[in-house]
Amino acid sequence: FMCTRFVGVSPSHKHIAWYNQNYTDTELDRVSECFRTARRMEWDILQDEISIQDISKFVGNDYNIAIILVDSETLTFRNRGVSYAGHYIVLLGFHEDSNTFLYLNPADT
């Protein structure tokens with residue numbers, strides 16, 4: 001299933017400089033088409049927020065992964081001092097003892 005705060009690109013992101021600089025009408029249309037395609041393929045799309053606790057439980061199961069959009073500035077090794085930089089990573093697991101996620105960063109492969 002897919003969970004998203006907003007189906008498409010949220011209009012509330014207009015005030016974020018990164019979106020103003022990087023999201024043309026063509027890009028907005030492309031993102032919207034991705035969601036339409038997912039619906040045509042009968043993906044379950046839940047428009048809601050999921051807590052970090054729920055995500056950690058989900059990927060803590062050996063059979064689940066999650067692809068998530070993060071602000072790459074929150075990845076400590078990526079801090080470039082910009083206000084926001086959207087970036088997808090793949091969560092592979094969660095380590096309860098250290099309270100950390102195991103993830104794959106496609107930018108590093």
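No experiment lies behind these values; they were computed from the predicted model shown. Counting restarts for each chain: residues are numbered from 1 in the order of the written sequence. Selection of residues for local features in this predicted model requires a pLDDT of at least 70, selection of side-chain atom pairs for listing and counting requires 80 or more, and totals for whole chains, interfaces and linings are taken over all residues. In computing side-chain properties, one takes all heavy atoms of the structure into account and sets aside hydrogens as well as water.

Let us look at the overall build of the protein. A tally of regular secondary structure across the protein gives 3 helices and 5 strands. Secondary structure follows DSSP: runs of H or I at least 4 residues long count as helices, runs of E at least 2 residues long count as strands, and numbering of each begins at the N terminus. The secondary structure elements of the protein, listed N-terminal to C-terminal, are β-α-α-β-α-β-β-β. Across the 109 residues that make up the protein, the buried fraction comes to 25%. Residue pairs at least 24 apart in sequence account for 45% of intrachain contacts in the protein once pairs closer than 6 positions are excluded. With an accessible surface of roughly 8200 Å², the protein has 52% of that area assigned to carbon and sulfur atoms. Throughout this description, buried means an accessible area under 20% of the type-specific maximum (1.4 Å probe, protein chains only), exposed means over 50%, and partly exposed covers the range between. Note on contacts: a residue pair qualifies if any of its non-hydrogen atoms lie within 4.5 Å across the two residues. Computed with the Shrake-Rupley method and a 1.4 Å probe, the accessible areas treat only the protein chains shown as cover for residues.

So, on to unusual backbone geometry. Although it is not a glycine, Glu42 sits at a positive phi angle of roughly 65 degrees. Structurally, Glu42 is set in the loop between helix H2 (25-40) and strand S2 (45-47).

Turning next to H2. Since the α-helix packs 3.6 residues into each turn, any two residues three or four apart lie on the same face. With 16 residues, H2 ought to run about 22 Å at 1.5 Å a step, and its terminal C-alpha atoms sit 22 Å apart, in line with that. Those residues of H2 that sit buried are Val31, Phe35 and Ala38. What you see down the axis of H2 is that its buried residues fit within an arc of 60 degrees, all on one side. Of the exposed residues in H2, those oriented more than 90 degrees away from the buried face are Asp25, Thr26, Asp29 and Arg40. On its buried face, H2 sits against strand S1 (2-4) and S2. By definition here, a helix of n residues has an expected span of 1.5 Å times n minus one. Directions drawn from the helix axis to the C-beta atoms are what define this arc.

With that settled, the discussion passes to the pattern of salt bridges. Here, a salt bridge means any Lys or Arg side-chain nitrogen found within 4 Å of an Asp or Glu carboxyl oxygen. Evaluation of the coordinates by the stated rule reveals 3 salt bridges. Arg36 is the partner of Glu33 in a salt bridge, and the nearest nitrogen-oxygen pair spans 2.9 Å. Residue Glu33 and its partner Arg36 are both found in helix H2; the two are separated by 3 residues, about one turn of the helix. The exposure class of Glu33 is partly exposed, given its relative accessible area of 30%. The salt bridge partner of Glu33 is Arg40, with a shortest N-O separation of 2.7 Å.

For helix H3 (residues 52-60), the complete set of buried residues consists of Ile55, Ser56 and Val59. Around the axis of H3, the buried residues are gathered within 100 degrees of arc, so they sit on the same side.

Before going further, it helps to spend a moment on the nonpolar core. As used in this record, nonpolar core signifies buried Ala, Val, Leu, Ile, Met, Phe, Trp, Tyr and Cys residues forming a set joined through side-chain atoms within 4.5 Å. Grouped together as the largest cluster of nonpolar side chains are 7 residues: Ile55, Val59, Ala66, Val70, Ile89, Leu91 and Phe94. If you list the elements that add at least two residues to this core, you get H3, strand S3 (66-71) and strand S4 (86-95). Here this core gets 3 residues from one element, more than from any other, and that element is S4.

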